[in-house]
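Listed below, chain by chain, are the residues.
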Amino acid sequence: MSSITDYIRWYADFTFYDKPFNEADNVVLCMLTYYGFDLKETSRPTSVRRAASGDRQDDPFLNAVCSSRRFGSLLISDFLEIFSRDTCIQFAAMKFHLYDNVYYIAFRGTDNSLVGWKEDFVMSYKITQAQESAVQYLEKVIKDDEEYLVGGHSKGGNLALYGACHVSAEKLRRIKHLYNNDGPGLCPEVSDVTLVEKVKDRMTVIYPQYCIFGKIFAHEIPDTRIVTSSSSGIMEHDLLTWNVEHGVLDYTDKFDPNSEWINGVAEKWIKDVKPSERESLVKSVFDTVESRGVETYTEALKIDVDKVEDLIKNVVESDSVKAVAKIPEKALFGDFIERLRTGKLAKFINANQLIEGITFTVIGVLMAIFSDKAFHIIITILLGAVVVFQFGYTIKKLAESHWNFVREKTRVYIFVVIATVFTIILVKQEAMFIVGSGLAGGWLLVVAYRSFLAFKQSKTRDFAFWKNVVKSILYTGCGVFIILAPSETVKWFMLSLGVVMAIDGISAIIYSVIEANEKYSAKYQNLKEKVKHKK
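Since the model is a prediction, treat every value here as computed from it, not as a measurement. (Residues numbered from 1 in each chain as written. Predicted model: local features only at pLDDT ≥ 70, side-chain atom pairs only at ≥ 80, totals over all residues. Heavy atoms only, no water.)

A. Region of interest: the overall build of the protein. Assigned secondary structure in the protein consists of 22 helices and 11 strands. Scored against the burial criterion, the 535 residues of the protein give a buried share of 46%. Taking contacts inside the protein between residues at least 6 apart in sequence as the whole, the part at least 24 apart equals 72%. Accessible area for the protein stands at about 28,300 Å²; split by element, carbon and sulfur atoms hold 60% of it. (Helix = DSSP H or I, 4+ residues; strand = E, 2+ residues; numbered from the N terminus. Buried < 20%, exposed > 50% of the residue type's maximum accessible area, 1.4 Å probe, protein only. Contact = heavy atoms within 4.5 Å. Areas by Shrake-Rupley, 256 points an atom, 1.4 Å probe, with all protein chains shown as cover.)

B. Broad picture of the environment of Val244. Position of Val244 relative to the elements: it lies in strand S9 (residues 244–245). Judged by relative accessible area, Val244 falls into the buried class, the value being 0%. Residues Val244 and Asp6 lie 238 residues apart in sequence; the distance between their C-alpha atoms is 8.1 Å. Residues within four places of Val244 in sequence aside, it is in contact with Met1, Ser2, Ser3, Ile4, Tyr7, Trp10, Leu249 and Asp250.

C. How the structure looks around unusual backbone geometry. Here the phi dihedral of Phe217 falls at roughly 55°; this positive angle occurs in a residue that is not glycine. Counting through the fold element by element, Phe217 comes out in the loop between strand S7 (203–208) and strand S8 (223–227). On the basis of relative accessibility, which here comes to 16%, the residue Phe217 falls in the buried class. With a phi close to 55°, His246 is a non-glycine residue in the positive phi region. Tracing the backbone through its elements, the reader meets His246 in the loop between S9 and strand S10 (248–249). Here His246 falls in the exposed class, since its relative accessible area comes to 71%.

D. Representation of the packing of helix H7 (residues 129–141) against helix H8 (residues 155–166) in the model. With their axes 8 Å apart at the nearest point, H7 and H8 run at an angle of 55° to one another. Comparing their axes, H8 and H7 come out oblique. In this structure, the crossing between H7 and H8 has a hand that is right-handed. From H7, Ala130, Gln131, Glu132, Ala134, Val135 and Leu138 reach across to H8, where they touch Asn158, Leu159, Tyr162, Gly163, Ala164 and His166. For the contact of H7 with H8, the class distribution of residues is seven nonpolar, four polar and one charged. (Axes fitted to C-alpha atoms, helices over the stretch in contact; angles between N-to-C directions. Parallel < 35°, antiparallel > 145°, perpendicular 65-115°, else oblique. Left-handed = near helix turned anticlockwise from the far one by under 90°. Nonpolar A, V, L, I, M, F, W, Y, C, P; charged D, E, K, R; others polar.)

E. Representation of the nonpolar core in the model. Within the largest apolar cluster, 42 residues are counted, with the highest numbers of intra-cluster contacts made by Leu32, Phe96 and Tyr104. Residues Ala130, Val135, Ala164 and Val167 belong to the second largest nonpolar core, which totals 36 residues. (Core = buried A, V, L, I, M, F, W, Y, C linked by side-chain atoms within 4.5 Å.)

F. Summary view of the sheet that holds strand S2 (residues 75–84). Read from one edge of the open sheet, nine strands run S1-S2-S3-S4-S5-S6-S7-S8-S11, paired in mixed fashion. Looking along the sheet, the strands with just one partner apiece sit at the ends: strand S1 (46–47) and strand S11 (251–252). By the bridge criterion, five bridges tie S7 to S8 in an arrangement that is parallel. In the sheet register, Pro208 faces S8, and the bridge partner there is Val227. Those strands touched by helix H6 (residues 114–122) are S2 and strand S3 (89–99), and its axis lies near 90° from that of S3. Where H7 meets the sheet, it contacts S2, S3, strand S4 (102–107) and strand S5 (147–153), and its direction lies at approximately 30° from that of S3. (Pairing = 2+ DSSP bridges.)

G. A look at H7. Between its first and last C-alpha atoms H7 spans 18 Å; for 13 residues at 1.5 Å apiece the expected length is 18 Å, and the two agree. Listed in full, the buried residues belonging to H7 are Ala130, Gln131, Ser133, Ala134, Val135, Tyr137, Leu138 and Val141. (Expected span 1.5 Å × (residues − 1).)

H. Structural detail: the side chain of Thr15. Structurally, Thr15 can be placed in the loop between helix H1 (4–10) and helix H2 (23–32). Not counting the four nearest positions on each side in its chain, Thr15 is found in contact with Arg69 and Arg70.

I. Here's a closer look at the side chain of Asn26. Among the secondary structure elements, Asn26 is positioned in helix H2. Ignoring any residue separated from it by four or fewer positions in sequence, one finds Asn26 in contact with Phe21, Tyr104, Tyr179, Asn181 and Ile206.

J. Summary view of the pattern of salt bridges. This structure, assessed with the given rule, holds nine salt bridges. A salt bridge links Arg108 to Glu81, with the shortest nitrogen-to-oxygen separation between them at 2.9 Å. Taken together, the residues Arg108 in the loop between S4 and H6 and Glu81 in strand S2 connect sequence positions 27 residues apart. Since its relative accessible area comes to 37%, Glu81 is described here as partly exposed. The shortest N-O distance in the salt bridge between Lys200 and Glu197 comes to 3.3 Å. A network of salt bridges, in which partner residues are shared, links Glu23, Asp223 and Arg225. (Salt bridge = Lys/Arg side-chain N within 4 Å of Asp/Glu carboxyl O.)

So, in structure tokens, the structure goes:
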């Protein structure tokens, strides 16, 4: 298989008059936007060869471009570059003169700057300045007596799409075709995605087999292609890895199964995470990294341990931790947890604290009575339920894919790992105690801390305040005990936990009665006032 660079060498002596423009040419021009040519923001045309004269050293792609008649002599004009950390914009575009009155407008994708990467994520919750700049650029550059092809790679593909969807009707008529090379679509929460209808029949979308970025907010486009790559995994996003065969991109009809699984998880995650939660997550991550003086993506990958600690702290302290927590949840359980959380049962329990109190009281009493066996039974039931669910979920997905084990291999791997861990825990009692006590102790300490925050933030010292005070103390003691105590004391732990849960349940029952009495009293008082007013 041959590369894009090989393609440039093969077609070196052919102009666009000799060999018509094709998708491989689109890839070459989009790749050229990433180079820091010595261009001024002017409409005066400059050849690619001259613009790249200072960048050719040890770069096979650029050397091939400049040595070729097809690309080296192309004229570049209307170069525009905007970069600002304050307003979070990384934007660049240029115009290539192909032949006669036909031009290709290319938008640059994300560069190595942290601003560029941040802007990619900002697209998920609001219109970015780069998108607005794309519209303004097309309005300014497109002439009434010329025809245009417009495209970009990654974020550049999104800018090409957004710009074409929002230009005036007069300018849009001059755009003959669009190319989105593995770029995300328009976010439905912030953009009018119906505008895509105006351009979808004159648009080509090209994805690599292992596609992640291009599937974000993807649209149904009739002319969608999948190109093979000389690389693997996420590195297939790189244009220079795309394969060429007999002068055209080498296409296939199937995506990589692993990327399809990731796409499914990402799609469900995006669906459940609100734009405000996405914004909170993006700000907490990038504000932390930027505050340490990091300016590029490469530098961000080399952040020190203390910077990572700050990052985790800021994410946890913001609401974005809820958004992050949904990623493994979606990977393991799909929509099941969300349905359970928002279903009729959850609403019934939330609306009836009395039911919750009775349930906790009964479970607590049973744990206290059967303290010898309770720990092993509870851990076995909980972990067994996870295994059974994951088995059923895996079988369901395999059936939906017509038993395509290659496509669903990642999901099968997850089930095998979970089942193996469960078997080890079931067979080896010491493993069960270590895992179970760790999970139980951690959960109890989290409950204790939430209760501590609740009474610290309480403005009135009512029943709920004292309930949270007692709850934080009791659950802290139980959490520390189960983590530190040896396995021989598990009976005493289950006895103490059962007592605590019973106390918690009884207090919930008392609180629900008090709350119901207050509501009844208020309702009765309102009724008396109405009767009095009528009289």
